[in-house]
Amino acid sequence: MKKRHEQKLIINSIAVFIILNIPLIFIFNSDKSVFGVPIFYFAVFCVWAISILISYVVLKRHYE
């Protein structure tokens, strides 16, 4: 794997760490729900799923 693709994965990891940090995640702490799931859990799992999707795309396209 090339250095720039490793950098993309590192940036993805850092971004997820920052987004899932306590002060930012409390933005979604409310009593409302989406599809019957509280917004807090919905946001956490959406960020997690998007992170996995980005990692998959980087690895699938650029794995050498």
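Please read all numbers here as calculations on a predicted model, not as lab measurements. Residues take numbers from 1 onward in each chain, read along the sequence in its written order. In view of the model being predicted, local features appear only for residues whose pLDDT reaches at least 70, and side-chain atom pairs are presented and counted only at 80 or more, with totals across whole chains, interfaces and linings using the full set of residues. Processing note: side-chain calculations cover all non-hydrogen atoms of the structure and skip hydrogens and water entirely.

(A) Expanded view of the environment of Leu20. Put simply, DSSP marks the helices as runs of H or I at least four residues long and the strands as runs of E at least two long, and each gets a number from the N terminus on. Looking at the secondary structure, you find Leu20 in the loop between α1 (3-19) and α2 (22-25). Relative accessibility thresholds used throughout: buried, under 20% of the residue-type maximum; exposed, over 50%; partly exposed, between the two (1.4 Å probe, protein chains only). Since its relative accessible area comes to 31%, Leu20 is described here as partly exposed. Put simply, Leu20 and Arg4 are 16 residues apart on the chain and 24 Å apart in space, counted from C-alpha to C-alpha.

(B) Inspection of the side chain of Ser51 at higher detail. Tracing the sequence through the fold places Ser51 in helix α3 (residues 39-62). Under the relative-accessibility criterion, Ser51 is labelled buried at 16%. Residue contacts are defined here by distance: any two heavy atoms, one from each residue, within 4.5 Å place the two residues in contact. Contact partners of Ser51, with chain neighbours within four places excluded, come to Asn12 and Val16.

(C) The packing of aromatic side chains, seen in detail. Stacked, edge-to-face and tilted labels apply to pairs of Phe, Tyr and Trp rings (six-membered ring for Trp) whose centres lie within 6.5 Å, assigned for plane angles under 30 degrees, over 60, and everything in between, in that order. Under the definition given, this model contains three aromatic pairs. When the centroid spacing of 6.0 Å and the interplanar angle of 75° are considered together, the rings of Phe45 and Trp48 count as edge-to-face. Taken as a pair, Phe45 and Trp48 lie in helix α3 at a separation of three residues, close to a single helical turn.

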